[in-house]
Amino acid sequence: MRTFAILFLREVKAFFYTPIAYVVLFYFLILTGFNFYSEVMILNRGPVEITVVEAFFDTVIFWFSYVLIFPLITMRLFSDEFRMGTFETLTTAPVRDWQVVLSKFFGALFFYVVLWLPSLLYFVVFQWVARSDAARSPGSYWGAYALLLLMGCFYISIGCLASVLTKDQINAAVISFTSITLWFFAGLLTFIFGVTAPVFKDIISYISAVEHMSDFSKGILDSRPLVWYTSMTILMLILTCHVFQYRKWKA
Amino acid sequence: MIKVEGLTKRYGGFTAIDDISFEVGKGEIVGFLGPNGAGKSTTMRILSSFMPATSGRASIAGFDVFEKSLEARAHLGYLPENVPLYTDMRVTEYLNYRAAIKGVKGRRVRERVGDVKELCSLRDVENKIIGTLSKGYRQRVGLADALVHDPDLLILDEPTIGLDPNQIRQVRELIKNLGKHHTILISTHILPEVEMTCSRVIIINKGKIEASDTPKNLVDRIRTSGGIRLEANTGADSGVEQLAEITGVKDVAVENQGDWKVFTLRTEANSDLREEVARLAGERRWAVRELARSKATLEDVFVEITHADA
Ligand SMILES: Nc1ncnc2c1ncn2[C@@H]1O[C@H](COP(=O)(O)OP(=O)(O)O)[C@@H](O)[C@H]1O
Ligand SMILES: [Mg+2]
């Protein structure tokens with residue numbers, strides 16, 4: 001645990017050594033801010049069925065910026081260690097491989113959470129200024145943010161796997177961006193092609209991030225996505241650990 | 001301290017080290033010599049638990065590097081080839097992190113980091129970002145890192161490569177001092193360095209150990225076929241014929257330098273024929289400006305051992 005904590009702390013610090021962290025923070029702030037603003041403007045035009053929280057998490061800008069941040073925050077995790085050769089000093093210190101993998105994963109997750117903190121403020125400000133609720137119930141917030149965390153875990157674990165595969169960060173970013181985007185669009189298939197076969201729809205609803213979000217942001221907590229994202233994250237991390245070991249042994 | 005038995009490592013079909021065995025006792029400074037690609041780094045990487053061997057065993061301080069890897073690593077300070085460092089951290093910050101990760105606790109971290117910064121003369125760059133440091137300083141940061149948890153054993157893979165002569169001298173002094181309290185296995189190309197610092201030398205070539213002895217014994221072994229160097233103006237004489245007639249001279253090579261000739265004589269084992277050569281030169285009225293027995297160095301040993309099958 002002590003070892004993990006030390007590794008984790010370095011990972012968190014490492015984010016702020018790179019200019020990319022600040023770029024991502026800034027970019028995310030602008031995009032979500034703009035997203036929030038335009039949502040409120042649209043909702044302002046007349047009475048609508050949905051709430052601010054639901055609308056916020058249901059726009060193209062939101063999803064686009066969302067998918068883009070994962071490659072950016074995960075690409076250097078392992079690639080940089082390979083490129084600089086520091087994985088040799090790292091793994092010849094008395095640390096276990098899984099501690100390294102988990103510290104990188106949680107380091108990235110921590111950054112991801114930091115990224116989302118300002119957005120909470122939007123809703124707080126909204127309530128304060130508009131004197132009306134941004135959501136139907138507190139469950140709506142919980143739902144939306146819990147799902148963000150779950151999806152974040154999954155996409156970050158994909159990013160980890162992509163990064164451990166190559167010593168070139170750009171390759172890592174391309175791999176994770178492609179996988180996450182494909183994954184994401186797979187969830188939109190029923191929507192795009194208007195497929196209605198129930199089996200297919202069931203499968204898709206299991207993996208569709210957009211559907212999950214539309215449920216969760218209404219405050220409907222479904223256990224299936226929970227199980228799904230958790231198990232997929234664990235699977236990705238186990239794979240990452242194996243590849244890490246393999247690369248070390250191949251050196 | 002180190003015990004290696006029948007260690008073999010294959011990369012795909014290529015055998016990088018082939019059934020090597022050796023031991024390093026407590027307090028020894030052992031030089032690990034060999035040409036490029038001999039398998040030095042491979043051996044050290046196995047010892048540091050960085051990668052597993054294909055077969056054979058290795059242990060550090062009694063802990064198997066594969067089965068008891070964490071314990072073995074805790075006893076070891078390892079400096080990899082090319083000194084990988086986090087280039088965006090500051091020197092002190094990096095050393096603090098490395099100390100903590102290697103199990104130095106609480107207040108001891110400050111103390112140890114202070115000590116190694118002193119030892120490796122890093123005081124004047126302690127707040128600099130590692131990426132901005134010169135090669136010599138980085139090398140010392142790497143060394144400080146290897147030392148920071150006060151390990152019993154140091155394994156240093158080419159710690160002086162890419163340094164200028166002054167820096168090499170500094171690092172050599174440092175290693176010599178470290179040898180007073182640590183067991184050290186150090187790989188290098190730089191032979192005078194080994195001659196000066198190491199109590200024993202292991203020479204490895206093409207994955208096999210070719211020799212393991214003190215530098216002195218190795219040099220003595222090769223001096224059995226010694227030589228003499230003569231620089232003289234022999235006038236009308238060719239020189240070669242006359243010198244070859246001295247008993248004990250095996251062959252004579254000559255090189256012309258204007259009026260002067262440089263003769264290189266190979267002589268029988270353990271003989272010193274300088275007097276005979278001087279007498280001959282006197283008789284023939286040669287002008288002599290140099291007459292010396294060529295001393296074999298570790299370099300000759302190295303060349304002879306590793307060159308035989310090249
Ligand atoms: N990861 C690897 N894959 C394949 N061959 C390797 C690998 N690492 C080293 N080798 C080969 O093994 C041999 C020994 O390498 P190394 O131990 O680095 O030698 P040294 O450190 O003595 O110069 C070399 O011929 C090298 O090409
Ligand atoms: Mg090497």
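In this text, all values refer to a predicted model and were calculated from it rather than measured experimentally.

Some details on the overall build of chain A
And then number 1: A tally of helices and strands in chain A yields 13 helices and zero strands.
And then number 2: When the elements of chain A are put in sequence order from the N terminus, they spell out α-α-α-α-α-α-α-α-α-α-α-α-α.
And then number 3: Looking at the 251 residues of chain A, the share that counts as buried comes to 54%.
And then number 4: Within chain A, counting contacts between residues at least 6 apart in sequence, those at least 24 apart form 78% of the total.

Topic: the coordination of the magnesium ion (ligand 2)
Residue and element names in this part refer to chain B.
And then number 1: The protein atoms donating to the magnesium ion (ligand 2) are Ser41 (OG), Glu81 (OE) and Glu81 (OE), with metal-donor distances spanning 2.0 to 2.7 Å. Pair noted here: serine 41 is in helix H1 (residues 40-47) and glutamate 81 is in the loop between strand E6 (76-79) and helix H3 (91-101), with a separation of 40 residues, a long-range link.
And then number 2: You can call serine 41 buried: its relative accessible area is 17%.
And then number 3: Look at glutamate 81 and you get partly exposed, because its relative accessible area is 30%.

A short note on the interface of chain A and chain B
And then number 1: Residue-level contacts link 25 residues of chain A with 31 residues of chain B.
And then number 2: Put simply, chain A and chain B have two salt bridges between them.
And then number 3: Our enumeration of links across chain A and chain B arrives at 10 residue pairs in polar contact (both at pLDDT 80 or more).
And then number 4: Tallied by class, the residues present in the side of chain A that touches chain B amount to 11 nonpolar, six polar and eight charged.

A few points about the domain arrangement of chain B
And then number 1: Domain assignment breaks chain B into domain 1 (2-218) and domain 2 (228-294).
And then number 2: Just the C-alpha atoms count here: the centres of domain 1 of chain B and domain 2 of chain B sit 46 Å apart.

Structural notes on the sheet that holds strand E11 (residues 227-233) of chain B
Residue and element names in this part refer to chain B.
And then number 1: With antiparallel pairing, the four strands of this open sheet are ordered in space as E12-E13-E11-E14. At either margin of the open sheet sits one strand with a lone partner, and together these are strand E12 (249-257) and strand E14 (287-294). If you compare each strand with its neighbour and ignore which way they point, the axes differ by 15 degrees on average.
And then number 2: Bridge count for E11 against strand E13 (residues 260-267) is six bridges, and the pairing is antiparallel. In the strand pairing of E13, arginine 229 is matched with threonine 264.
And then number 3: Contacts from helix H10 (residues 274-284) reach E11, E13 and E14, with the element oriented near 170 degrees to E14.

A short note on the environment of B:Val194
Residues and elements named next belong to chain B.
And then number 1: Within the element layout of this structure, valine 194 appears in helix H7 (residues 191-197).
And then number 2: Between the alpha carbons of valine 194 and arginine 172 there is a distance of 9.2 Å; along the sequence they are 22 residues apart.
And then number 3: Setting aside residues up to four positions removed in sequence, valine 194 forms contacts with Gly31, Leu33, Thr188, Val201, Pro215 and Leu298.

Some remarks on the packing of aromatic side chains
And then number 1: In total, this model carries 24 aromatic pairs over all chains according to the counting rule given.
And then number 2: Ring geometry for B:Phe22 and B:Phe32: centres 5.7 Å apart, planes at 40 degrees, overall tilted. With a gap of 10 residues between them, B:Phe22 in strand E2 (residues 14-24) and B:Phe32 in strand E3 (residues 29-33) connect regions that are remote in the sequence. Each of the two residues, B:Phe22 as well as B:Phe32, counts as buried.
And then number 3: One aromatic cluster is present, built from ring pairs that chain together A:Phe28, A:Tyr66, A:Phe70, A:Tyr112, A:Trp116, A:Tyr145, A:Phe154, A:Tyr155 and A:Tyr229.
And then number 4: Cation over ring: A:Arg10 sits above B:Tyr86, and NZ or CZ is 3.6 Å from the ring centre.
And then number 5: The ring centre of B:Trp260 lies 4.2 Å from the NZ or CZ of B:Arg289, which sits over that ring.

Some details on the nonpolar core
And then number 1: One finds A:Tyr66, A:Tyr112 and B:Ile155 to be the most contacted residues of the largest nonpolar core, which totals 139 residues.
And then number 2: Setting aside anything within four residues of it in sequence, one finds A:Tyr66 in contact with A:Tyr112, A:Trp116, A:Leu148, A:Met151, A:Gly152 and A:Tyr155.
And then number 3: In terms of nonpolar packing, the next biggest core, distinct from the first, is built from 14 residues, B:Leu243, B:Val249, B:Phe263 and B:Leu273 among them.

What counts as what
Residues numbered from 1 in each chain as written. Chains lettered and ligands numbered in written order. Predicted model: local features only at pLDDT ≥ 70, side-chain atom pairs only at ≥ 80, totals over all residues. Heavy atoms only, no water. Helix = DSSP H or I, 4+ residues; strand = E, 2+ residues; numbered from the N terminus. Buried < 20%, exposed > 50% of the residue type's maximum accessible area, 1.4 Å probe, protein only. Contact = heavy atoms within 4.5 Å. Donors = N, O, S within 2.8 Å, 3.2 Å for Na, K, Ca; no water. Salt bridge = Lys/Arg side-chain N within 4 Å of Asp/Glu carboxyl O. Polar contact = N/O pair within 3.5 Å; in protein donor to acceptor, adjacent residues only side chain to side chain. Nonpolar A, V, L, I, M, F, W, Y, C, P; charged D, E, K, R; others polar. Domains from an automatic or database assignment. Pairing = 2+ DSSP bridges. Axes fitted to C-alpha atoms, helices over the stretch in contact; angles between N-to-C directions. Phe/Tyr/Trp six-rings, centres within 6.5 Å; stacked < 30°, edge-to-face > 60°. Lys NZ or Arg CZ within 6 Å of the ring centre and 35° of its normal. Core = buried A, V, L, I, M, F, W, Y, C linked by side-chain atoms within 4.5 Å.

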